[in-house]
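Residue-level structure breakdown
So you can see what is in the structure, the chains are spelled out below.
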Amino acid sequence: MTRAAEIMSRAASLFPGGVNSPVRAFRGVGGEPIVIKSGKGARITDVNGREYIDFVMSWGALALGHAAPEVLDALGRVMQDGTTFGAPTELEVQLGELIRERMPHIEMMRFVSSGTEATMSAVRLARAATGRETILKFDGCYHGHADSFLVKAGSGVETLGLPDSPGVPASLAALTLTAPFNDLDQVRSLARSTPLAAMIVEPVVGNSGFIPPEPGFLEGLRTIADETGALLIFDEVMTGFRIAPGGARERFGVTADLTTLGKVVGGGLPVGVYGGRRDLMERIAPAGPVYQAGTLSGNPLAMAAGIATLTALTTDTHRAMDTAAARLVDGFRGSASRAGVPLTADHAGSMWGYFFTSGPVRNLDDARKSDVAFFKRFFHAALDRGLNLAPSAFEAGFVSSAHGSAEIGSALSIISESLEAASGKN
Ligand SMILES: *Cc1c(COP(=O)(O)O)cnc(C)c1O
């Protein structure tokens, strides 16, 4: 028995499915997950001693790579002074200022400890501010696991809120309407017939694979929100500090009323943020009546990791990551075309993704047309050759500032070989 198999058999008796978050299990690809021992830069090493170039990057949380020296230094310094107080510190003010410099429309914010908490709290605030209960989300967008978000379309009945999970009250799920991404007509008709508290969207979808917005889509959401009195929430837990230094507002020129952040903003420690218009945020307790709290919110270690990360994410760093992702996607497309494999691949900044279909992929239904059986063979061929990709055909990938030209070059060779192997050509 390998060390990984031994650890996973102990994990299986402790944790449902052997994991502490479902995406970590290899249900989408078969086989057993690799068990990680360590990471450095763009690479990880598993407990069996194998090394991989990593494009999962803790699901996008790591913008500077694993064990980034800036982050380790900051953690080492800050932890000497205590790890949590449940009281104000200067660190949370510093991180808040760094966020607002890059995203000035986040006039005020609140730190929480996960993306799930951020989106859940933003919707509570939107409901309180509008006096409305119904929200609209998009098929295939993930906004954390709060009850209101575990809803997508029932088959053929795109607009009927049905719970995706047992345990979500049907009466609550009924308050969540859904529409296909990139479909403004559906949004318009839903928003006109039902008063919405908010429309929440991933400005670039990363949670049903990588799906960019079509030109005019986000602008259209803004217009519909303004016409109907709904608030627009950009869930930038994944896109924040990835698609542009200032996120969706900078990249697309569309400003949300409320924005949620997570992943990169915590530099690899648990942080979430929700924030936006001052008049809205002043409704949050204790400034206003909308209750939301957290024992470890603004945790000093998490703040220090976030400060170190945002400080290192200069315009040049963003440009380098964008270039690396562009080279990766171009090379992937070239190899697929040589191997005769249908592929749709793209990137926005340091976030990228691919589907084994000729496309175009505009929404979840299009994404479902991709060849999942081929993906599974490709995934395992790549993993065997030392490339760690997300174990699902419907996840985005991420480069970090540690993915230099050597790592991208090696990754492209592995991708090319793996496409051939998955096609049964060697
Ligand atoms: C990851 C993610 C979340 C949930 O964040 P957690 O920290 O896992 O709770 C919410 N929204 C989006 C867009 C995400 O990618």
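What counts, and at which threshold
- Residues numbered from 1 in each chain as written.
- Predicted model: local features only at pLDDT ≥ 70, side-chain atom pairs only at ≥ 80, totals over all residues.
- Heavy atoms only, no water.
- Core = buried A, V, L, I, M, F, W, Y, C linked by side-chain atoms within 4.5 Å.
- Buried < 20%, exposed > 50% of the residue type's maximum accessible area, 1.4 Å probe, protein only.
- Helix = DSSP H or I, 4+ residues; strand = E, 2+ residues; numbered from the N terminus.
- Domains from an automatic or database assignment.
- Contact = heavy atoms within 4.5 Å.
- Axes fitted to C-alpha atoms, helices over the stretch in contact; angles between N-to-C directions.
- Parallel < 35°, antiparallel > 145°, perpendicular 65-115°, else oblique.
- Nonpolar A, V, L, I, M, F, W, Y, C, P; charged D, E, K, R; others polar.
- Pairing = 2+ DSSP bridges.
- Buried area = accessible area lost by both parts, 1.4 Å probe.
- Salt bridge = Lys/Arg side-chain N within 4 Å of Asp/Glu carboxyl O.

Thoughts on the nonpolar core
- Ranked by internal contacts, the top residues of the largest apolar core, which has 67 residues, are F55, I99, Y354, F356, F378 and L419.
- At the level of secondary structure, the elements contributing two or more residues to this core comprise strand 3 (51-54), helix 3 (69-79), helix 4 (90-102), helix 11 (300-312), helix 12 (315-339), strand 14 (351-355), helix 14 (372-384) and helix 15 (405-422).
- It is helix 11 that contributes the most residues to this core, nine residues altogether.
- In this structure, this core is formed jointly by two domains, domain 1 (3-63 + 314-422) and domain 2 (69-312), each of which donates at least three residues.
- With residues up to four places along the chain from it excluded, the contact list for F378 reads F332, Y354, F356, L389, I415, S418, L419 and A422.
- One finds L62, A179, F234 and I243 within the second-largest nonpolar core, a separate group that totals 39 residues.

Considerations on the packing of helix 7 (residues 184-193) against helix 8 (residues 217-228)
- One way to put it is that helix 7 packs onto helix 8 with a least axis distance of 10 Å and a crossing angle of 10°. Compared by their axis directions, helix 7 and helix 8 come out roughly parallel. Residues L184, V187, R188, A191 and R192 of helix 7 form the contact with helix 8, whose participating residues are F217, G220, L221, I224, E227 and T228.
- Grouping the amino acids of the contact of helix 7 with helix 8 by side-chain chemistry returns six nonpolar, two polar and three charged.

A closer look at the sheet that holds strand 14
- Spatial ordering of the open sheet is given by 13-14-16, a layout of three strands whose pairing is antiparallel. Either end of the sheet is taken by a strand with one partner, and the two such strands are strand 13 (344-348) and strand 16 (397-398).
- Contacting strand 13 and strand 14, helix 12 runs over the sheet at an angle of about 175° to strand 13.

Examining the pairing of strand 2 (residues 43-46)
- Alternating residues of strand 2 divide into I44 and D46, all buried, and R43 and T45, none buried.
- In the sheet, strand 1 (residues 36-40) pairs with strand 2 via four bridges, with the strands oriented antiparallel. In the strand pairing of strand 2, G39 is matched with I44.
- The antiparallel pairing of strand 1 with strand 2 creates a hairpin that spans two residues between the two strands, and G41 there sits at a positive phi of about 65°.
- In this sheet, strand 3 lies alongside strand 2 in antiparallel orientation, the contact comprising three bridges. What sits directly across from T45, in strand 3, is E51.
- Hairpin geometry of strand 2 and strand 3 is characterised by an intervening segment of four residues between the two adjacent antiparallel strands and by a positive phi of about 90° at G49.

A look at the domain arrangement of the chain
- In terms of domain boundaries, the chain breaks down into domain 1 (3-63 + 314-422) and domain 2 (69-312).
- Computed over C-alpha atoms only, the centres of domain 1 and domain 2 are separated by 25 Å.
- At the junction of the two partners, domain 1 supplies 30 residues and domain 2 supplies 33 residues.
- For the pairing of domain 1 and domain 2, the buried interface totals around 2400 Å² over both sides, and the portion due to carbon and sulfur atoms is 58%.
- When the buried area of domain 1 at its contact with domain 2 is split by residue, H318, M351 and R362 rank highest and sum to 25% of it.
- The interface formed by domain 1 and domain 2 includes one salt bridge.

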